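Below, each chain spelled out in residue letters.
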Amino acid sequence: MIGVRQTEPHYWMPTPNPETGVFERHAFRGRRWAGQSMDLTVCGTEVAMAEPSEMDWRTAPTCMSCNEILKSRQAATP
């Protein structure tokens, strides 16, 4: 379609940092979480996956690396 940017689908989900256990909201490739126990974030970090609580969603900051990668991909798409 003319004027519409086509980018690969992604979703956001709070996951624990593998080293500290502190939650951060990362982007993942795909349309939604498929129940896998581990996955690779857009920024390249392998993390454990589990159903986040409402508190995780509210308090986990956005991964700025994932955010910047997705923004740069969108800007590069004609």
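Rules behind the numbers
Residues numbered from 1 in each chain as written. Predicted model: local features only at pLDDT ≥ 70, side-chain atom pairs only at ≥ 80, totals over all residues. Heavy atoms only, no water. Helix = DSSP H or I, 4+ residues; strand = E, 2+ residues; numbered from the N terminus. Buried < 20%, exposed > 50% of the residue type's maximum accessible area, 1.4 Å probe, protein only. Pairing = 2+ DSSP bridges. Salt bridge = Lys/Arg side-chain N within 4 Å of Asp/Glu carboxyl O. Polar contact = N/O pair within 3.5 Å; in protein donor to acceptor, adjacent residues only side chain to side chain. Contact = heavy atoms within 4.5 Å.

Engineer: Would you mind going over the overall build of the protein chain with me for this structure?
Structural biologist: Helix and strand counts for the protein chain stand at 2 helices and 4 strands. When the helices and strands of the protein chain are placed in sequence order, the string is β-β-β-β-α-α. By residue count, 24% of the 78 residues in the protein chain fall in the buried class.

Engineer: Honestly, the pairing of strand 2 (residues 23-29) in this entry has me stumped. Any pointers?
Structural biologist: Along any regular strand, the residues point their side chains to alternate faces of the sheet. With 7 bridges joining them, strand 1 (residues 10-16) and strand 2 adopt antiparallel strand pairing. Bridge pairing links Tyr11 to Phe28 in strand 2. Linking strand 1 back to strand 2 in an antiparallel pair, the connection comprises 6 residues, with Gly21 at a positive phi of about 80°.

Engineer: What am I meant to see in the pattern of salt bridges here?
Structural biologist: If the charged atoms of two oppositely charged side chains come close together, the side chains can form a pair. Within the structure shown, the criterion is met by 4 salt bridges. Residue Glu8 pairs with Arg73 through a salt bridge whose shortest N-O separation is 3.6 Å. With Glu8 in the segment before strand 1 and Arg73 in helix 2 (residues 64-76), the pair connects residues that are 65 residues apart, well separated along the chain. For Glu8, a relative accessible area of 40% corresponds to the partly exposed category. In this structure, Arg58 engages Glu54 in a salt bridge whose closest nitrogen and oxygen atoms are separated by 2.8 Å. Of this pair, Arg58 and Glu54 are both found in helix 1 (residues 54-59), 4 residues apart, which corresponds to roughly one turn of the helix. Several salt bridges share partner residues, and in doing so they unite Glu8, Arg29 and Arg73 into one network.

Engineer: I'm lost on the side chain of Thr41 in this one. Help?
Structural biologist: Take Thr41: it is sitting in the loop between strand 3 (38-40) and strand 4 (46-48). Given a relative accessible area of 0%, Thr41 falls into the buried group. In terms of polar contacts, Thr41 uses its side chain to reach the backbone amide nitrogen of Thr45, at 2.9 Å. Those residues within four positions of Thr41 in sequence are excluded, and the remaining contacts are His26, Ala27, Phe28, Arg29, Val47 and Cys66.

Engineer: Looking at this structure, I do not really get the environment of Ala34. What am I missing?
Structural biologist: Of note, Ala34 is situated in the loop between strand 2 and strand 3. Ala34 sits 15 residues away from Met49 along the chain, and the two C-alpha atoms are 9.9 Å apart.

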